[in-house]
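# Observations on the model geometry
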Amino acid sequence: MYEQLINFEEIFNLAFKHTEELIELGFDLSDNCGITELESVANQYPELTERCNHALLELIKKQGKSPAFVSAGYSDNDLESF
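Read on for a plain summary of the structure. Note that this is a predicted model, so its numbers are computed, not measured. (Residues numbered from 1 in each chain as written. Predicted model: local features only at pLDDT ≥ 70, side-chain atom pairs only at ≥ 80, totals over all residues. Heavy atoms only, no water.)

## Side note on helix α3 (residues 49-64)
An ideal rise of 1.5 Å per residue puts 22 Å on 16 residues; α3 measures up with 22 Å between its terminal C-alpha atoms. Along α3, the residues that are buried comprise Cys52, Ala55, Leu56, Leu59 and Gln63. The buried side chains of α3 occupy one side of the element, clustering within an arc of 100 degrees when seen end-on. For α3, exposure combined with an orientation more than 90 degrees from the buried face picks out Glu50, Leu57 and Lys61. (Helix = DSSP H or I, 4+ residues; strand = E, 2+ residues; numbered from the N terminus. Expected span 1.5 Å × (residues − 1). Buried < 20%, exposed > 50% of the residue type's maximum accessible area, 1.4 Å probe, protein only. Arc of directions from axis to C-beta.)

## Thoughts on the packing of helix α2 (residues 37-44) against α3
Between α2 and α3, whose axes approach to 8 Å, the crossing angle comes to 165 degrees. Considering the angle they form, α2 stands roughly antiparallel to α3. In this structure, α2 crosses over α3, and the sense of that crossing is left-handed. In contact with Leu38, Glu39, Val41 and Ala42 of α2, α3 contributes Thr49, Cys52, Asn53, Ala55, Leu56 and Leu59. (Axes fitted to C-alpha atoms, helices over the stretch in contact; angles between N-to-C directions. Parallel < 35°, antiparallel > 145°, perpendicular 65-115°, else oblique. Left-handed = near helix turned anticlockwise from the far one by under 90°. Contact = heavy atoms within 4.5 Å.)

All quantities given are derived from atomic positions and should not be read as evidence of function.
Take a look at the structure:
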């Protein structure tokens, strides 16, 4: 019944847009230390879980093909010495 009161399409679209903005800001979506809005919405609304997870996987694939992230990588040299 509450599904009629919630605009799931709008919630999903806004979460997707905000997650795309994270990519533009340089965040690595594949880093499991952060939680994107898509992940948060997926946890909050079971009706959107599958759709959010699929969209997030597609964005991660898209980000991985981006030239800015292909050459980026982790290196021990990036860490400060103790």
